[in-house]
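Each chain, letter by letter, is given below.
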Amino acid sequence: MTMPLHVLILEDCIMDAELMVHELRRAGFDPQWQRVDTEADFLAHLDQKLDIILADYSLPQFDAQRALEHLNQRGLDVPFIIVSGCIGEERAVECMKYGATDYLLKDRLTRLGQAVRKGLEERLLRDDRQRAEEQLAHNAFHDTLTGLPNRALFLDRAQRCFHQMERRGGYLFAVLSVDLDGFQTINASFGQPAGDSVLIEIAERLVQKVRSGDTVARLGGDEFALLLDDVKDMRNALRVAERLQAELAKPFLADGREVLTSASIGIAASTSIYKRSADALRDAGTAMARAKRLGPGQIAVFDIRMHTQAVTRLKLETDLRRAADRQEFLLYYQPVVSLQSGRITGFEALLRWQHPERGLISPGESLPVAEEIGLLIPVGQWVLQNASRQLRAWQVEFPVVPLLSMSVNLSCKQFLQSGELLTIVEETLNATGLDPRSLALEVTETVMMENAEVALATLAQLKDRQLCISIDDFGTGYSSLSYLQRLPIDNLKIDQSFVAQMKPAGESLEIVRSIITLAHSLGKQVVAEGIETGEQLALLRSLGCEFGQGYFFSKPLETEAAGKLIADARTW
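First things first, this report covers the structure right here in the doc. Just so it is clear, the model here is predicted, and its values are computed rather than measured.

Scoring rules and cut-offs
Residues numbered from 1 in each chain as written. Predicted model: local features only at pLDDT ≥ 70, side-chain atom pairs only at ≥ 80, totals over all residues. Heavy atoms only, no water. Helix = DSSP H or I, 4+ residues; strand = E, 2+ residues; numbered from the N terminus. Rg over C-alpha atoms; globule rule 2.2 N^0.38 Å. Buried < 20%, exposed > 50% of the residue type's maximum accessible area, 1.4 Å probe, protein only. Contact = heavy atoms within 4.5 Å. Areas by Shrake-Rupley, 256 points an atom, 1.4 Å probe, with all protein chains shown as cover. Lys, Arg positive; Asp, Glu negative; His and termini not counted. Charge placed at Lys NZ, Arg CZ, Asp CG, Glu CD. Core = buried A, V, L, I, M, F, W, Y, C linked by side-chain atoms within 4.5 Å. Pairing = 2+ DSSP bridges. Axes fitted to C-alpha atoms, helices over the stretch in contact; angles between N-to-C directions. Expected span 1.5 Å × (residues − 1). Polar contact = N/O pair within 3.5 Å; in protein donor to acceptor, adjacent residues only side chain to side chain. 1 Å grid on protein atoms, 1.4 Å probe; cavity = no way out; pocket = protein on both sides within 12 Å on 5 of 7 lines; lining within 4 Å. Points joined across faces, edges and corners; volume = space filled by probe spheres on them. Nonpolar A, V, L, I, M, F, W, Y, C, P; charged D, E, K, R; others polar. Parallel < 35°, antiparallel > 145°, perpendicular 65-115°, else oblique. Patch = residues over 30% accessible without salt bridge, like charges linked within 9 Å, V, L, I, M, F, W, Y side chains within 5 Å. Salt bridge = Lys/Arg side-chain N within 4 Å of Asp/Glu carboxyl O.

Our next topic: the overall build of the protein. Helix and strand content of the protein: 22 helices and 23 strands. By the compact-globule yardstick of 25 Å for 572 residues, the protein is too spread out, its C-alpha radius of gyration being 39 Å. For the C-alpha atoms alone, the extent of the protein along its principal axes is close to 125 × 55 × 45 Å. The 572 residues of the protein split such that 47% are buried. Long-range pairs, those at least 24 residues apart, make up 67% of the contacts in the protein between residues at least 6 apart in sequence. Accessible surface, the protein: about 28600 Å² in total, of which carbon and sulfur atoms supply 51%. Positive and negative charge centroids in the protein, built from 62 and 79 side chains respectively, lie 4 Å apart.

In a soluble, globular protein the nonpolar side chains are often hidden away together inside. W394, M406, V408, L441, M448, L487 and L540 are the most contacted members of the largest nonpolar core, which has 78 residues in total. Take this core: its biggest share by element is seven residues, from helix α13 (residues 376-397). Residues L180, L199, V210 and I265 belong to the second largest nonpolar core, which totals 30 residues.

Ordered in space as β9-β10-β8-β13-β14, the five strands form an open sheet in which the pairing is mixed. Of all strands in the sheet, those bounded by a partner on one side alone are β9 (215-220) and β14 (299-301). Sheet twist, expressed as the mean angle between neighbouring strand axes with direction ignored, is 20°. Here strand β8 (residues 174-181) pairs with strand β13 (residues 262-269) via eight bridges, running antiparallel. Among the inter-strand pairings, D179 is bridged to a residue of β13, identified as S264.

Another point: helix α6 (residues 151-167). Relative to the 24 Å expected for 17 residues at 1.5 Å per residue, α6 spans 25 Å between its end C-alpha atoms, a close match to the ideal helical length. L153, F154, A158, C161, F162 and M165 are the residues of α6 that are buried. Against the buried residues of α6 lie α5 (112-141), β8, β9, β10 (223-228) and α10 (277-294). Measuring from the backbone nitrogen of A152 back to the side-chain oxygen at the start of α6 gives 3.2 Å, which picks out N150 as the cap.

On to the layout of surface pockets. When its volume is computed, the largest pocket comes out at roughly 1000 Å³. Taken together, 39 residues make up the lining of the largest pocket; nearest its centre are E348, L350, P363, L367 and N409. For the lining of the largest pocket, the secondary structure elements donating two or more residues are β15 (329-338), β16 (344-355), α12 (363-372), α13, β18 (405-409), α14 (412-416), β19 (439-444) and β20 (468-474). Its residues assigned to classes, the lining of the largest pocket shows 17 nonpolar, eleven polar and eleven charged. Volume-wise, the second largest pocket comes out at about 470 Å³. Around the second largest pocket sit 24 residues that line it, and S405, R437, C468, N491 and F547 are the ones nearest its centre. Contributing elements (two or more residues each) for the lining of the second largest pocket: β16, β18, β19, β20, β21 (491-494) and β22 (525-528).

As a further point, take empty space enclosed by the protein. Under the defined criterion, the tally for this structure stands at one cavity of 30 Å³ or more. Roughly 60 Å³ of volume is contained in the largest cavity. As for the largest cavity, its lining consists of I377, Q381, L384, Q414, Q417, E420, L421 and I424. For the lining of the largest cavity, the elements supplying multiple residues, two or more each, are α13 and α15 (418-432). Taken together, the residues of the lining of the largest cavity break down into four nonpolar, three polar and one charged.

This part takes up the packing of helix α7 (residues 183-190) against helix α8 (residues 192-208). Two elements in contact, α7 and α8, have axes separated by 7 Å at closest approach and are oriented at 140°. Our classification of the angle between α7 and α8 gives oblique. On α8, the residues that touch F183, I186, N187 and F190 of α7 are Q192, A194, G195, V198 and L199. Its residues assigned to classes, the contact of α7 with α8 comprises six nonpolar, three polar and no charged.

Okay, the sheet that holds strand β1 (residues 3-10) next. One open sheet holds the five strands; their spatial order is β2-β1-β3-β6-β7, and the pairing between them is parallel. What marks the edges here is a single partner per strand, and that holds for β2 (29-36) and β7 (102-105). Neighbouring strand axes in the sheet, compared pairwise and without regard to direction, differ in orientation by 25° on average. Note: β1 against β2, eight bridges, orientation parallel. Within the sheet, the bridge partner assigned to P4 lies in β2 and is D30. Where α5 meets the sheet, its contacts fall on β1, β2, β3 (52-55), β6 (80-84) and β7, and the angle it forms with β2 comes to roughly 95°.

On the surface, a cluster of nonpolar side chains totalling about 300 Å² of accessible area is made up of I14, M15 and L19. The residue M15 is located in helix α1 (residues 14-26) in this model. For M15, a relative accessible area of 55% gives the class exposed.

The next subject is the side chain of D472. Following the sequence through the fold, D472 ends up in strand β20. Of the side chains with opposite charge, K493 comes closest to the buried, unpaired D472, at an N-O distance of 4.6 Å. Beyond its immediate sequence surroundings of up to four residues, D472 is in contact with N409, E442, V443, T444, E445, K493 and E529.

Here D255, not a glycine, exhibits a phi torsion of approximately 55°, which is positive. For D255, the position within the fold is in the loop between β11 (252-254) and β12 (257-259). By relative accessible area, D255 is classed as exposed at 53%. Positioned with a positive phi, D473 is a non-glycine residue whose angle comes to about 55°. Classification of D473 by relative accessible area gives partly exposed; the value is 23%.

Here you go:
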């Protein structure tokens, strides 16, 4: 089978041109050829698709070296073979320097087919190499999944905007950081291929909602960034952010099923205090993190206070990672009192962080950070083990009847990772020799309600090991009676917000009365949190509440002070 070949022949002798064509046919080519012998005709044919050029060295007022110069000026890569009489080694070398592929003598044309085939193969290799280099260059500045610019290209374009701002008075641009809310759930539920298809569609939607001169980039994972060029004021950027949120709130298809998501968006406007494009992206990211903390689908605009907060937050994260190694965590213990006898029956273990510079840091500040950076489970394990060890030490030192108990709060992540939780609980009980009935694990009502089936299975396994189970913050999670009946729990802990507002004949008192009545009808006991006054204590006693804790009895105490409180055997 012959190979088609588009050939341009620079030759003033038609017979020599026909001899070349003949040799090409003998070599298995099907040449479509054209002979030219002037510079003007040569230039006119360069717009055509050419596979090869065969050229005599010398033509009237024209030569092969001049033809090669034209090819180089136009950036054309066409194999160029000189077919001539003896032109001398010096001229042949000069032509090769200009880009000639090969040089043949006219009286040795039998090698023409081989030379043409070699020239075509070399050009094919050059084409492949160029495509590979272009692909590498593209990959260096683009996201492989979506084809969008990546971080490097985004920062380069943002830097150009900085230069534009320096040259033009009144020029503004804005950077938007966009992060999807709960995208990990899509990957976990439908698999990564489905998640990737959603990311591709998100990229397409973002591009459709901005101007052609703006830049949409994927920074990684489910995080995108937008560079809005030449905005009039911040209201324009806000309007764009609102359009993007509306677009991303529309359903996506994941594995053939509709899924819904939302986006948290942070905005940073150009300012003269910035020195690098990375500064604007950083501040947009800080604003986005702020938006995320406000809840799903929020927009936040950066101000300088956010930067200060971000620096403080980063230091807090760093210090928190080191806190365990530096033994900065402490346990405080708040007594739980029998409202019938007025005596201490146990304690609730409360985590505190003794920061070397800031002093005691409350759980409200440290635990959310610990959760975000993945430390909540190891910290929770530390609390469980040390609280259990301390309880066993007190039980040995103060052998009262009934045995002192210890309440330990479980985070949502601890509770949902039931396999790991059960292992840690069993190891702790074995290591301390603690009676499992004296260890109470507390889970908030909200966690149970949001993870009903998992909660039932986990609680059943914990009860199989004879542990005591309490629902914490009861009254805030809207449990149904039918659901409560199914839960293998021992205690309901009334949220302190209801106790704090109790007044005779008041609404909160009736809520507390209802909770206690409900608990007793289900065979459960009740612990009231946040007791601060004698009046509250008296009301709870009159309602038949079994246990209470709060500042009326004692604030949370360090280990030594809590031990002294047990030794004093005080009653209330």
